[in-house]
Amino acid sequence: MAQQLPTTQVRPHPTSEDLWWRTAVVYQVYVRSFADGNGDGIGDLAGLRARLAYLADLGVDALWINPWYPSPQVDAGYDVTDYRDIEPAYGTLTEAETLIQEAHAAGLRVILDIVPNHTSSEHEWFRAALAGDARARSRYIFRAGRGDSGDLPPNDWRSQFGGPAWTRVSDADGAPGAWYLHLFAPDQPDLNWENDEVREEFEDILRFWFDRGVDGFRIDVAHGLSKTPGLPDAGVRERTALDTAPHPAWDHDDVHEIYRAWRKIADSYEPPRVFVAESWAPSSDRLALYLRPDELHMAFQFDFLQAPFHAEHMRAVADEAMAAVTGVEAPSTWVLSNHDVARHVTRYARSQPEHIVDRVWEQQRWALEGADLELGLRRARAALMLVLALPGSAYLYQGEELGLPEVEDIPAVLRQDPLFEQSGRTILGRDGCRVPLPWSGSSPPYGFSPGGTIAEPWLPQPTNWGPLAASAQSKDPASTLNLYRQCLRVRRHLLESPFSWVDSPQGTLALRRGGVECWLNTSDAPVNLPAGQVLVRSTSADDHNLLRPNSAAWVFTP
Ligand code: GLC
Ligand code: CA
C-alpha cells in the first residue's frame with residue numbers, strides 16, 4: 001500500500017529547497033507568442049532567452065514552457081513528432097540546453113510540458129502504424145468499426161474538438177479498414193498505455209529531459225491515458241473540455257500506476273523533480289487520487305477559471321479546492337488564466353452570473369453584451385491579490401501581468417485553433433488568449449519581433465495595445481506589471497504563515513496570513529479595511545482605510 005505512506009517515507013530527507021514547488025509562483029510561457037528573436041513572426045527560444053531577466057525581475061520562481069517539440073502545429077505543439085528535440089521554428093536542442101542553464105542562473109526553475117495521451121499523426125510510430133506495421137499499430141488504439149461493413153465508429157465517444165473521436169483508415173489495398181481513436185484532433189491519435197513500449201518510451205523521455213536539468217513536467221490531459229477496458233459506449237451527450245461527468249475515456253483508475261512509476265523516476269534525481277497534472281477529474285476526491293504522496297506533486301485546480309467575480313463564489317471554490325488537497329497533503333494549485341480559456345480581464349469585463357461558467361458559455365455572450373475592459377482589469381488585479389494570498393502554488397499565464405484582455409475579434413480566416421473548424425465554427429476557440437505579447441512601442445508588433453521585421457506576428461495584435469506594452473508599464477508605478485512585481489515581492493513574507501478566513505461583510509471576503517489580512521470587495525459599495533498599514537492595493541487611489549468596489553488590499557495588522 002505504498003500510496004498511503006506519508007511523503008517523508010517515500011523520500012527520506014526532503015530539504016526545504018526540495019519543497020520549493022509547494023509555494024511556487026510559476027509563469028506559463030506560450031513560446032509561440034512570447035517573443036520572436038529572428039523576425040519570422042513566431043516566438044522562439046532566442047526571444048525567451050533575451051527576456052529571462054524580465055521574468056526574474058517579475059519575481060516568479062519557475063517557468064512552465066508549453067510544448068516546444070517538433071510538431072506540425074495542428075494543435076499548437078500538442079501534436080508532437082519527436083519528444084527529444086526542439087521545433088525548428090523555435091530553435092535547437094543545444095539552445096534549449098543553454099536556456100535551461102541560463103534560467104537556472106537567473107533563479108528560475110524550468111517545467112516542460114509532456115504530451116503522453118497522444119502523438120502527432122506525423123510521428124514515426126503512427127506513420128508505421130498506418131503503413132500496416134502490427135507492432136506499431138498496437139501502440140495506438142485501432143478497432144474494427146461497427147455495422148455490417150464496419151463503417152460506423154467503434155463507439156460513441158466524441159472528440160474534444162467536435163465530431164466523432166474515431167477516424168477510419170484504409171488498408172494496404174486501399175479498402176476501408178480499421179478506425180483509430182483520437183480524443184482530440186484526428187491529427188492527434190491516442191496512445192495505447194497498456195502497451196509496455198509506450199510506457200518505456202515515456203519513462204525514457206522523462207529521463208532525457210531530467211538529465212538536461214529540467215525541474216519538472218506539466219502533464220497534458222493527465223486523466224486521459226487509461227481508458228475503460230472494452231471501450232464501452234459513453235451513452236451521454238457530447239462532452240466539453242470543462243465537463244467533468246464520469247466517462248469511460250477519462251480518469252480510469254489504471255492511470256495511477258503510470259504516475260507511481262513516474263514519481264519513482266522523479267525522486268531518483270537530485271534534487272528531486274516534480275509533476276503538475278492537467279487533470280479534469282470528475283470530483284475533488286477523484287482529483288486527490290493523483291496527488292497521493294507516491295504520485296504527482298500538484299494538479300491544477302481550475303475552479304477560478306469557472307467562478308464568477310462574486311466573493312461568495314470565490315470563497316466557495318477556494319474552500320473546496322483547499323479541502324480537496326488537505327487529505328493528501330498536496331498544496332493547492334491556483335490558476336486564473338491559461339492558454340485554453342478566455343483571459344480573465346475579459347471574463348470579468350461583463351456582468352457576472354450567479355453560476356459556474358465554461359468557455360463555450362463565455363464566448364457565446366461576447367456577441368450579446370459589450371465588454372467594460374476597465375472594470376475587467378480592476379477585477380483582475382483584485383482577483384490576483386486573492387489568489388496570491390491563498391496558501392499553495394500559483395500559475396500565471398504570460399501577458400496577465402500586463403493586464404491583457406482576450407482578443408475577441410480575430411478574423412475567421414486568421415484563426416488557427418483546430419477547435420474552430422472542427423466544431424463547425426460554432427466555437428471560436430482559443431486564439432484570443434494566444435495573441436503575441438506587446439513588449440514596446442505604440443503599434444504592432446510592439447517589439448514582439450525585432451526592429452525592421454517584415455513578417456507579421458502569427459496572430460494579429462490589436463492596434464490599441466501600446467499602453468499595455470511591458471516597457472510602457474515598467475515606468476508607471478501604478479501599472480498592472482508593477483502591481484504583479486510588488487505582490488510577488490510581498491508574497492514571500494506570507495508564505496510561512498498559517499491561513500484563516502476572517503469575518504467580513506456580504507460581498508467581500510477576507511483572509512489572514514500571519515500579520516497580514518487580504519481583503520477583496522466584489523460588492524457595489526466601499527467597505528472599511530481593518531486598522532493597520534496597507535502594504536499593497538489593487539487600485540492606485542489612496543483611499544486610506546476604504547476598500548472600493550472591485551478592488552483588493554493587503555493590510556499589515558500587527
Ligand atoms: C490540453 C492542452 C490543450 C490541448 C489539449 C490536447 O488540454 O492544454 O491546449 O489542446 O490538451 O493536447
Ligand atoms: Ca521566430
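Residues numbered from 1 in each chain as written. Chains lettered and ligands numbered in written order. Predicted model: local features only at pLDDT ≥ 70, side-chain atom pairs only at ≥ 80, totals over all residues. Heavy atoms only, no water.

Colleague: Can you explain the sheet that holds strand β5 (residues 166–170)? Please cite residues and give values.
Modeller: Taken in spatial order, the three strands make up an open sheet running β4-β6-β5, and their pairing is antiparallel. The sheet terminates laterally at β4 (142–143) and β5, the two strands that pair on one side only. Relative to strand β6 (residues 176–181), β4 runs antiparallel, the two being bridged by two bridges. Each bridged residue has a counterpart across the sheet, and for F142 the counterpart in β6 is Y180. (Pairing = 2+ DSSP bridges. Helix = DSSP H or I, 4+ residues; strand = E, 2+ residues; numbered from the N terminus.)

Colleague: Can you tell me about the site of ligand 1, naming the residues and giving the values?
Modeller: As a matter of local geometry, ligand 1 sits amid 13 residues, with D75, D220, E278, H339 and D340 nearest to it. Note that an oxygen atom of ligand 1 is positioned 3.0 Å from one of the side-chain N or O atoms of R218. A distance of 2.7 Å separates an oxygen atom of ligand 1 from a polar side-chain atom of D220. Its residues placed into classes, the shell around ligand 1 shows four nonpolar, two polar and seven charged. (Near = heavy atom within 4 Å. Polar contact = N/O pair within 3.5 Å; in protein donor to acceptor, adjacent residues only side chain to side chain. Nonpolar A, V, L, I, M, F, W, Y, C, P; charged D, E, K, R; others polar.)

Colleague: Go over the nonpolar core, please, and point to the residues and values.
Modeller: One finds W68, W209 and W554 to be the most contacted residues of the largest nonpolar core, which totals 150 residues. Among the elements that line this core, the one with the most residues is helix α15 (residues 373–389), at nine residues. Taken domain by domain, this core gets at least three of its residues from each of domain 1 (21–119 + 196–488) and domain 2 (124–181). When near neighbours in sequence (up to four residues on either side) are disregarded, W209 contacts W68, Y69, Y83, R84, D85, I86, L93, L112, V214 and F217. Listed in part, the 17 residues of the second largest apolar core include A185, V221, A234 and I427. (Core = buried A, V, L, I, M, F, W, Y, C linked by side-chain atoms within 4.5 Å. Buried < 20%, exposed > 50% of the residue type's maximum accessible area, 1.4 Å probe, protein only. Domains from an automatic or database assignment. Contact = heavy atoms within 4.5 Å.)

Colleague: Requested: an account of the packing of aromatic side chains, with residues and values cited.
Modeller: Across all of its chains, the model carries 30 aromatic pairs by this definition. On the basis of an interplanar angle of 65 degrees and a centroid distance of 6.3 Å, the ring pair of W64 and Y395 is categorised as edge-to-face. Of this pair, W64 sits in strand β2 (residues 62–65) while Y395 sits in strand β11 (residues 393–397), placing them 331 residues apart in sequence. One residue, R139, lies across the ring of W125, its end atom 4.4 Å from the ring centre. Over the ring of Y348 we find R347, and its NZ or CZ is 5.9 Å from the ring centre. (Phe/Tyr/Trp six-rings, centres within 6.5 Å; stacked < 30°, edge-to-face > 60°. Lys NZ or Arg CZ within 6 Å of the ring centre and 35° of its normal.)

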